[in-house]
Structures are given as C-alpha cells and as structure tokens.
Amino acid sequence: MRPALLIYNPASGQQRSRERVPALIRALSEAGFEAQEKATEGPGHAQHLAREAVGSGTQVVFSFGGDGTLREVAKGLIGSSLALACLPGGTANVLARYWGIPRHAETAAVQVGSWQPREMDVGLTLSACGREECFLMMASCGLDGAVLRRPLSRSKARWGPAAVAAAGLREWWQMNAAATLRLEVEGQQRNLSFFSVCNIPLYGGPFRLAPEARCDDRRLDLVTFSGKGRWTTMALAAAVVTGRHLRRRDVALEAAENVELQAPQHPPIQLDGDAIDLQAPIRFELHPQRLNVLAPISPG
C-alpha cells in the first residue's frame, strides 16, 4: 500500500463532498493507496496541507475538489518529489478533462492504479507588489476575470456552470466598451480587450482556446483579442464555442514569451478559474520548477 493524502474541499461542486470521502478512501485502498483525509478550512489551506505532506513519507497527494483546489494543492508541491493526482469534484474540472480523467471522482479513484507519473509545466505570474502566483491551466484577463470577481460561491454550488454563464451575461451587458488592457509582448505594446496565457488547450470546459498548447512542452501559448464593444465580444465568445476564433482578424495566437501586463493597475485577472487581485505591471512566464503528477497516459 502506497501512503497517500486526500485533500478535499467540502465547499466544492454541487454535491456534498464530505459525504463522498469514505467511498473515495475505499476506492483508493482497492487501487493500492492508504490515504488519510484532510478537509480544507478556507483559502490557502490546501496549499498548507500539501506542503506539510512533503517529507512526511506520503507518495501521492490526491486533490478532491475543483480546479481552484487543485491549483492550491499544486502550489504546495511544486519542486517536490510528491505526485499530485486529481479527483474531480468541482464545477468545471477543466484540468481533469484535459488529462482524460473520468468526470466522477469515484470512477477516477477506481482507475488511479493504472495512471502514470509525468512532469507538468506550471505558469507563473509576478506582480508589482512582489506577489507570485502559479497557474496550471491558464492566466487570463478581461470579461472572464470580471465575472469571477463576483460572489458566485453559493450560486455555483446550486446551479453549477449555469450560474457562471448567467453572471457572464450580466457582466457582458454592463461591460465598459472603452476599457483597455495594455500588454507588452517582446517589447511591443498592444491595446487589447482580452488575453489568455495558456498551458493547456482547454478553456471554460471543452473549448479549445489554444488548440496546440501542451502542459509538458516547456512553453506557454498567448491568445489575444483586440476587438472592441459588447457585440464584438459576444461574437468572439460564439467563435470560441465553435472553434473558429483563430480565423478572426482581431484574434492572434503566439508563443507567450516576455509578456507583461502594464495597465490597468488592478486588472480583472483569473487563474485557473479563480479571480486573483494582482497589481500591474504583471509578468507571465514559465515556473522554473515542474510539478510531478499522476494521470492517464495521454492528455485529452
């Protein structure tokens, strides 16, 4: 039996996570893991629990929750020999979808014995105030960040993705068409409405925002949108859903090297589905260390 730790967020997803933990522990035991369970008590606690596991004899840390919980656990494990494994229990579970992990945590736990170790790249943001944050999937700025700044916890728990979509429509209708993000890429300044620094192709669930992005190629992909106005933004969203956004003249895709957000001072940024308050200028780059993960062989 391999010693393991199951970190779970009791507030994640639409089902009662705490009630599902005993079944997960049994499934992990059948898969060869002797897992202890620890619940998070608030923001940042998952990172603390994961960091405590380093050097304790634990071999694998399982994250049961959403993408935000997964990111926090990863923050505590980056650069260590411990492997991170995802048991999806949140609203979107985008990274689990990318890795081809079953949507139901109980099914994933049964299969985990066949998953393989791999190394994963991690993105890094460095802000003017000296704060560093990592991201596993993407860092984006624009309408999505503004939406996620809204207090959505209760509505997400009840309505799931529909709550986020409804909040998005409200924010879209109230959006300031004159708002501009000033991004510097390779020394060249650009005025944008939205951008995303991507470590995986998926965005918001099944949508392939950066189709060729991979989490193990030692590069990040930058998607930018320079269009203006409410209806142009709606057209972009429709194009992303249909996979035609890269055909638009106001959308560009390139390697994300030497990328810095210069304005506004407190931009609407989200990392892996969580709004983060960072102060510009903000630099986006690869984290110098990688993350050990346990996942199915081929990412989706």
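Residues numbered from 1 in each chain as written. Predicted model: local features only at pLDDT ≥ 70, side-chain atom pairs only at ≥ 80, totals over all residues. Heavy atoms only, no water.

K.L.:
Please explain the packing of aromatic side chains as it appears in this structure.
P.N.:
Two numbers describe a pair of aromatic rings. These are the distance of the centres and the angle of the planes. Using the criterion set out here, one finds three aromatic pairs in the structure. Both rings, one in F194 and one in Y203, keep their centres 6.3 Å apart while their planes meet at 80 degrees; by these two values the pair is edge-to-face. Comparing F194 with Y203 shows no difference in burial state: the two are buried. Arranged with centres 5.5 Å apart and planes meeting at 80 degrees, the rings of F195 and F284 form a pair that is edge-to-face. Of the two residues, F195 sits in strand β11 (residues 194–198) while F284 sits in strand β19 (residues 282–286), which places them 89 residues apart along the sequence. (Phe/Tyr/Trp six-rings, centres within 6.5 Å; stacked < 30°, edge-to-face > 60°. Buried < 20%, exposed > 50% of the residue type's maximum accessible area, 1.4 Å probe, protein only. Helix = DSSP H or I, 4+ residues; strand = E, 2+ residues; numbered from the N terminus.)

K.L.:
Whenever I open this one, the side chain of T69 confuses me. Can you help?
P.N.:
Assignment of secondary structure puts T69 in helix α3 (residues 67–77). Exposure remark for T69: the relative accessible area of 8% places this residue in the buried category. Engagement of the side chain of T69 in a polar contact is seen with the side chain of N9, the distance being 3.3 Å. (Polar contact = N/O pair within 3.5 Å; in protein donor to acceptor, adjacent residues only side chain to side chain.)

K.L.:
Help me out: how do you make sense of the packing of helix α2 (residues 45–53) against α3 in this one?
P.N.:
Between two packed helices, the angle of one axis relative to the other and the distance separating the axes together describe the packing. Contact geometry for α2 and α3: axes closest at 7 Å, N-to-C directions at 35 degrees. For the pair α2 and α3, the sense of crossing is right-handed. Within the contact between the two elements, α2 uses H45, A46, Q47, A50 and R51 and α3 uses T69, E72, V73, K75, G76 and L77. (Axes fitted to C-alpha atoms, helices over the stretch in contact; angles between N-to-C directions. Left-handed = near helix turned anticlockwise from the far one by under 90°. Contact = heavy atoms within 4.5 Å.)

K.L.:
It is not clear to me how the confidence of the model for the chain should be interpreted in this structure. Could you clarify?
P.N.:
Should the pLDDT be low somewhere, the predicted coordinates at that spot are not to be read in detail. Averaged over all residues, the pLDDT of the chain equals 89, while 87% of them reach at least 70. When pLDDT is averaged over each element of the chain, strand β14 (residues 221–225) comes out on top at 98 and helix α7 (residues 153–159) at the bottom at 50. (pLDDT = per-residue confidence, 0-100.)

K.L.:
Please explain α2 as it appears in this structure.
P.N.:
Because an α-helix completes one turn every 3.6 residues, residues spaced three or four positions apart along the sequence face the same direction. All buried positions along α2 are accounted for by H45, A46, Q47, L49, A50 and A53. On its buried face, α2 is in contact with β1 (2–8), β2 (33–39), β3 (60–65) and α3. Just downstream of α2, G55 is the residue with a positive phi angle, here 85 degrees.

K.L.:
Help me understand the environment of S80, please; the structure alone is not making it clear to me.
P.N.:
Among the structural elements, S80 can be located in the loop between α3 and β4 (83–88). Given a relative accessible area of 15%, S80 falls into the buried group. As a C-alpha pair, S80 and V54 span 26 residues in sequence and 7.0 Å in three-dimensional space. Excluding anything up to four places from it in sequence, S80 contacts V54 and N292. Among the polar contacts made by the side chain of S80, one reaches the main-chain carbonyl oxygen of L77 at a distance of 2.7 Å.

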